[in-house]
Amino acid sequence: MPGGFRAKDLNTTFWLCASLGWCGAHHFYLGRTLFGVLYLFTFGFLGFGWLYDLTRISSLQSDSLARLGGIHRHDDMRLLTVFLGFTGIQHFLLRRYTSGVYYLLTLGGLGVGWLVDIYRIPFLTESFNLSLTRNKSSPPDLHTTLTDAYIYCFPFGFLGLHHFYLSRPKWGLLYLLTLGNFGVGWLFDLVRMRKLVVRRDTWLLSDAFILWFPLGLFGAHWLYLKQRCRAVAYAFTLGFLGIGWLVDIYRIPIHVRSLNRKSMLAGLIHADDTDSLQWDDSDFRSALLPDSTTKLSLRSPKVLLTRMNRHGVCMECDRAAVCLMPCSHFALCSGCVTSSEHCPRCLAPITGWATVDI
């Protein structure tokens, strides 16, 4: 047996549970020290954990070796979450220390995160156990990240905790100093959280509008959109006496689309040295002209497959797609693009297109 650990007798385990289970004697006997201590100080989770253990005593005895590998039982984690989840103990055991500290300081997000965890703890436990068996930690999936972000956002999102969690420290600091952009940004984030988690664009239209109201009078949205001179002018004139601030309702979407297009093209053209797209100046210029059919060559297919992702086929007929300009999406084939005026993915006007050879 590993580490000299001996298998425990089922009868002994049962009688210890039946007679002294309220103080965790059977858990100490099985080498489950943490549960033994918790039962000792909570009287077997007020007796509920003790009674529950009587129904699963055989399973506890047969699985007593699982603790040697750090594997957590689903029913153990559910029991801990129900009775002590507000302390974050389940997150500490799953090595989610940030969430554990947050729960400990806020009593499980004032109970909101605690209640959510009662439902999702089996999924978190399964993910942790899989990472142990693979000997490597895997990044959280979309569902877990989105749920965590909502837990951080409500009820303490006005402190920017969800932005810090999503690696947006500047936004987190802004929310911390302005109490969630005076509450407006915090409430709006509850609606747009999925867009924050699944960011397909570098600049988000919702980010710009959150800065526009109410800090737009001081040019905050223009700082975000890389228009520093205009931001300074707004700061000294209160958004050109409010007139420019109102007109910006129509101008902000134009600037956001322009910045995202430049970012997409930059990412498409300026890849790294080993997997870069080979465009010469004439190809780049003609790719931006209407009705262009320039062929682009690639040194490696890896970059193209990354750029195309799962959208590498025509959304109309499922044939191989071409690169639409200027949005650079692979969304239509060479046949369908001639009868379309807008990209079906982002609805941007199509000014040209380019076929791609690997």
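Calculation notes
Counting from 1, residues in each chain are numbered in the order their sequence is written. Note on the predicted model: pLDDT of at least 70 is required for a residue's local features to be given, and 80 or more for side-chain atom pairs to be given and counted; whole-chain, interface and lining totals, by contrast, use all residues. The basis for every side-chain value is the complete set of heavy atoms in the structure, and neither hydrogens nor water enter the calculation. Patch membership needs two things, relative accessible area over 30% and no salt bridge, and members are linked within 9 Å if like-charged or within 5 Å if nonpolar (Val, Leu, Ile, Met, Phe, Trp, Tyr). Areas reported as accessible are Shrake-Rupley estimates using a 1.4 Å probe. Residue values count occlusion only from the protein chains shown. Every case where a carboxyl oxygen of Asp or Glu lies within 4 Å of a side-chain nitrogen of Lys or Arg is listed as a salt bridge. Helix and strand definitions follow DSSP, with helices as H or I runs of at least four residues and strands as E runs of at least two, each counted in order from the N terminus. Expected span of a helix: the number of residues minus one, times 1.5 Å. Exposure categories follow from relative accessible area, calculated using a 1.4 Å probe and restricted to protein chains: below 20% of the type maximum is buried, above 50% is exposed, and the middle band is partly exposed. Whether two residues touch is decided by their heavy atoms; if any such pair falls within 4.5 Å, the residues are in contact. When DSSP finds two or more bridges between a pair of strands, those strands are recorded as paired. The term nonpolar core refers to a set of buried residues drawn from Ala, Val, Leu, Ile, Met, Phe, Trp, Tyr and Cys, joined through side-chain atoms within 4.5 Å.

K.L.:
Mind laying out a nonpolar patch on the surface, listing which residues take part and the relevant values?
P.N.:
A cluster of nonpolar residues, Phe-92, Tyr-97, Val-101, Leu-104 and Leu-105, forms a patch on the protein surface that exposes about 510 Å² of accessible area. Structurally, Leu-104 is set in helix H8 (residues 97–110).

K.L.:
Give a detailed account of helix H10 (residues 142–153), specifying residues and quantitative values.
P.N.:
Compared with an ideal rise of 1.5 Å per residue, which puts 12 residues at 16 Å, H10 spans 16 Å between its outermost C-alpha atoms and is within 8% of the ideal. By the criterion of burial, H10 is predominantly enclosed, with 9 of the 12 residues buried. Along H10, the residues that are buried comprise Thr-144, Thr-145, Leu-146, Thr-147, Asp-148, Ala-149, Ile-151, Tyr-152 and Cys-153. Buried residues belonging to H10 abut H8, helix H9 (112–133), helix H11 (161–165) and helix H13 (184–197).

K.L.:
Give a description of the pairing of strand S3 (residues 322–325) that names residues and reports values.
P.N.:
Sheet topology places S3 next to strand S4 (residues 330–332); 2 bridges connect them, and they run antiparallel. Paired with Val-322 across the two strands is Leu-332, which belongs to S4. A loop of 4 residues connects S3 with S4, the two strands running antiparallel in sequence, and Ser-328 in this loop sits at a positive phi of about 65°.

K.L.:
Explain the environment of Phe-209 to me, and be specific about the residues and the numbers.
P.N.:
Within the secondary structure, Phe-209 is located in helix H14 (residues 205–212). With relative accessibility at 25%, the residue Phe-209 sits in the partly exposed group. Along the chain, Phe-209 and His-221 lie 12 residues apart, while their C-alpha atoms are 7.2 Å from each other. In contact with Phe-209, other than residues within four places in its own chain, are Ile-249, Ile-252 and Pro-253.

K.L.:
Describe the nonpolar core, listing the residues and the values that go with them.
P.N.:
Counting 26 residues, the largest nonpolar core has Trp-171, Met-193, Trp-203, Ala-208, Tyr-224, Leu-225 and Val-256 as the members making the most contacts within it. Secondary-structure elements contributing two or more residues to this core are H10, helix H12 (169–182), H13, H14, helix H15 (220–224), helix H16 (228–241) and helix H17 (243–269). What Tyr-224 contacts, discounting residues up to four positions off in sequence, is Trp-171, Thr-202, Trp-203, Leu-204, Asp-207, Ala-208 and Leu-211. Counting residues in each nonpolar core, the second largest holds 14 residues, with Leu-38, Leu-84, Phe-128 and Leu-132 among its members.

K.L.:
Please set out the pattern of salt bridges residue by residue, giving values where relevant.
P.N.:
Following the criterion strictly, the structure yields 13 salt bridges and no others. Residue Asp-189 is joined to Arg-192 by a salt bridge in which the shortest nitrogen-to-oxygen separation is 2.7 Å. Linking Asp-189 with Arg-192, this pair stays in helix H13, spanning 3 residues, or about one helical turn. Residue classification places Asp-189 among the buried positions, given a relative accessible area of 0%. For Asp-207, the salt bridge identified is with Arg-192, shortest N-O distance 2.5 Å.

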